[in-house]
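Structural overview for review
Listed here are the chains, written in short residue letters.
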There are 2 protein chains.
Amino acid sequence: MTVALVMFVAHSVALAKPDPASWNDGPRKDAIVSFVRDVTRRGSAGFVPPEERVAVFDNDGTLWCEHPTYVQLAFLLEQVKAAAPDHPETTDLDLPALLELAKVAESGMTVAAHEDSMRAWLETARHPRFDRPYTDLVYQPMVELLGYLRDHGFQVYIVTGGGIEFVRVWAEEVYGVPPEHVVGTVSEVTYEVRDGEPTLVRGSKLDFVDDGPGKPVGIYRAIGRRPIAAFGNSDGDRHMLEFTAGGDGSRLSLLVHHDDAEREYAYDRAAGVGQLDVALDQAARDGWVVVSMKDDWSRIFPFEEPR
Amino acid sequence: MTVALVMFVAHSVALAKPDPASWNDGPRKDAIVSFVRDVTRRGSAGFVPPEERVAVFDNDGTLWCEHPTYVQLAFLLEQVKAAAPDHPETTDLDLPALLELAKVAESGMTVAAHEDSMRAWLETARHPRFDRPYTDLVYQPMVELLGYLRDHGFQVYIVTGGGIEFVRVWAEEVYGVPPEHVVGTVSEVTYEVRDGEPTLVRGSKLDFVDDGPGKPVGIYRAIGRRPIAAFGNSDGDRHMLEFTAGGDGSRLSLLVHHDDAEREYAYDRAAGVGQLDVALDQAARDGWVVVSMKDDWSRIFPFEEPR
């Protein structure tokens, strides 16, 4: 009697899980909801057991704002300026030169000190247009989607072209994604006992670039399963979406299209940051879902009122 | 009323979780049980929330038998012999030459085909002394310990010096450790679309060696948290145990000492495979737990009767 009652309650809760609220009704929301229904319904041809329900999300431009420039790049610029205050010309550096300087600035730091410096910067830095902390500029519909997938037994991973440490310091608090579910670009790190303390120290080289064709490789290394759902927004995500779509059974590959200059930014084929060109053609050819931020999302940021 | 009853039942189940049965009573079992009690009891000074209860296990010699040689090496030898049937002298090759040939043999294979070849080999291969499949030769007390830690909210990872794919193909079935919880040595892998199929292909180089000082780096990459418990058996695990012990709060670093020539093998300071020398001295100095397979385990393999 008690057991039956508990099972009934548990079943009702499972049925009652809400769709992501900030998605407007229409074909894109339908594609997500019907995919999730298909892979989670026992007895359906598309059923996938929970341990194989791996969903991977790009971060920059897919889960949070990447314009006018990548947030990590804004951090690196500040760090280089702080390390070289006698060289005001650093503000005019081009990207490769900046990255080169940043690598030198971070080299020899412990991983823990590096994390602290990123945390401290994120607490005070503000987005130039929205004048808010960068961690406010996450996409509310995507945050809801992360929760929606987790509620349906998915393992949700971030697979970012950005530095793994940069995303790990805030992803758990902001997205509910723990450090072990962040895959990213990795700098050379070595183990040493420094002043009697076992510690990890950053080198000056990149060890692995988790972008473009590197994303399926990053997934192989960290997860060892082919995802069944992949979410991106730029050409750097194309291989990840293609690799995901290439498996058997139900698959969902989805691109976020930045087409809302009023509430956020509008960019695609010609963008310097977050270029979406080849992947947009492939989406049309291969039947990937392309989300219009303007039409499909009732709000973009958590601080907005739905419209 | 129903809620109270359910909570009561859940609480009773938690209390009823058995200690690992194949461990003999004594100081080593006490060290494990009291560590787990300390980090899981709410309100205790040593309490650690479940998401931070990361436990890492070496594989060869810690979870399964590594003598007379590493199982993966036996596989590689077979593979090289199969690839070069006209060169019977391969049986006499030394280790570096064998590894070099094996890398060439595996180069250009898809990851999926490589996994299939390992699975097929494991089904028929037999251990030369025990005449059983290698996957029978796991240590029953350690398999129980994996379950005991999981029952207490730990996230259990394997951190192996061996190839990540080699362990992933059987770790879930044998240990209950899923692919995403296996950290290991990684060969160069590239993404390509081969005959229209998005796929991962093995190269001929090692990309990352997850051994010795590489183990804390592998943990950093894949987990991003410092473990609170680490289990090993050889000098290659020393840095991982030291890194684990170097964090704040309750920590458990444990070495399995192979001292049972009758039921398994006896080796330590002079061993060619699984040498335990520097780590044994450090264990004494730093207070790590050293397990005697002979005295502390009532049985070694699952197929034995407890004695």
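Heads up: the structure comes first, above all this text.
Residues numbered from 1 in each chain as written. Chains lettered and ligands numbered in written order. Predicted model: local features only at pLDDT ≥ 70, side-chain atom pairs only at ≥ 80, totals over all residues.

What to know about the nonpolar core
Formed by 130 residues in total, the largest nonpolar core has its most connected members in Val56 and Ile158 of chain A together with Val56 and Ile158 of chain B. Aside from chain neighbours lying at most four places away, what touches Ile158 of chain A is Phe57, Asn59, Val167, Ala171, Val177, His181, Val182 and Val183 of chain A. (Core = buried A, V, L, I, M, F, W, Y, C linked by C-beta atoms within 7 Å. Buried ≥ 20, exposed ≤ 12 C-beta atoms within 10 Å, placed from the backbone. Contact = placed C-beta atoms within 7 Å.)

Some points on the sheet that holds strand 5 (residues 229-232) of chain A
What the seven strands build is an open sheet, ordered 4-3-2-1-5-6-7 (chain A); its pairing is mixed. Of all the strands in the sheet, the pair left with one neighbour each is strand 4 (197-208) and strand 7 (289-292) of chain A. The average undirected angle you get between the axes of adjacent strands in this sheet is 35°. Across three bridges, the pairing between strand 2 (residues 155-163) of chain A and strand 3 (residues 182-194) of chain A is parallel. The partner of Gly163 of chain A across the bridge, within strand 3 of chain A, is Thr185 of chain A. Contacts from helix 8 (residues 214-222) of chain B reach strand 3 and strand 4 of chain A within the one sheet, and its direction differs from that of strand 3 of chain A by about 150°. (Pairing = 2+ DSSP bridges. Helix = DSSP H or I, 4+ residues; strand = E, 2+ residues; numbered from the N terminus. Axes fitted to C-alpha atoms, helices over the stretch in contact; angles between N-to-C directions.)

Some thoughts on the pairing of strand 6 (residues 252-257) of chain A
All names here are of chain A. Counting buried residues in strand 6 gives five out of six residues, a clear majority hidden from the surface. Strand direction decides the pairing type here: strand 5 and strand 6, joined by four bridges, are parallel. Directly across from Ala229, in strand 6, lies its bridge partner Leu252. For the segment spanning strand 5, helix 9 (residues 238-245) and strand 6, crossover handedness is right-handed. As paired strands, strand 6 and strand 7 are joined by four bridges and run parallel to one another. Note on strand 7: the bridge partner recorded for Leu255 is Val290. Handedness of the crossover joining strand 6 and strand 7 through helix 10 (residues 278-286) is recorded here as right-handed. (Right-handed = clockwise from strand over helix to strand, strands pointing away.)

With respect to the relation of the copies chain A and chain B
Structural alignment of chain A on chain B gives an RMSD of 0.0 Å, achieved by rotating through 180° and translating 0.0 Å along the axis. Taken together, the rotation and translation describe the operation of a two-fold axis. Considering only C-alpha atoms, the part of chain A nearest the rotation axis is Ala222 of chain A, at 2.9 Å. When the interface residues of chain A are mapped onto chain B, 100% of them again fall at the interface, so both copies present the same face. (Least-squares fit on C-alpha atoms with pLDDT ≥ 70 in both.)

Observations concerning the pairing of strand 4 (residues 197-208) of chain B
As paired strands, strand 3 (residues 182-194) of chain B and strand 4 of chain B are joined by eight bridges and run antiparallel to one another. Residue pairing in the sheet places Val193 of chain B in a bridge with Pro198 of chain B of strand 4 of chain B.

Focus on the environment of Glu197 of chain A
Residues and elements named next belong to chain A. Checked against the element boundaries, Glu197 lands in strand 4. With 11 C-beta atoms counted inside 10 Å, the residue Glu197 sits in the exposed group. With 50 residues separating them along the chain, Glu197 and Gly147 place their C-alpha atoms 38 Å apart.

Considering helix 2 (residues 27-40) of chain B
Residues and elements named next belong to chain B. Here helix 2 contains 14 residues, and its C-alpha end-to-end distance of 20 Å stays within 8% of the 20 Å for a straight helix at 1.5 Å per residue. By the burial criterion, the buried members of helix 2 are Lys29, Ile32, Val36, Val39 and Thr40. When helix 2 is viewed along its axis, its buried side chains cluster within an angular range of 120° and face the same direction. For helix 2, the exposed residues set more than 90 degrees away from the buried face come down to Pro27 and Asp30. Elements that come into contact with the buried residues of helix 2 comprise strand 6 (252-259) and helix 11 (293-296). (Expected span 1.5 Å × (residues − 1). Arc of directions from axis to C-beta.)

Thoughts on the interface of chain A and chain B
Each partner contributes to the interface: chain A provides 30 residues, whereas chain B provides 30 residues. Taken together, the elements giving at least two residues each to the side of chain A that touches chain B come down to helix 1 (2-16), strand 3, strand 4, helix 8 (214-222) and helix 9 of chain A.

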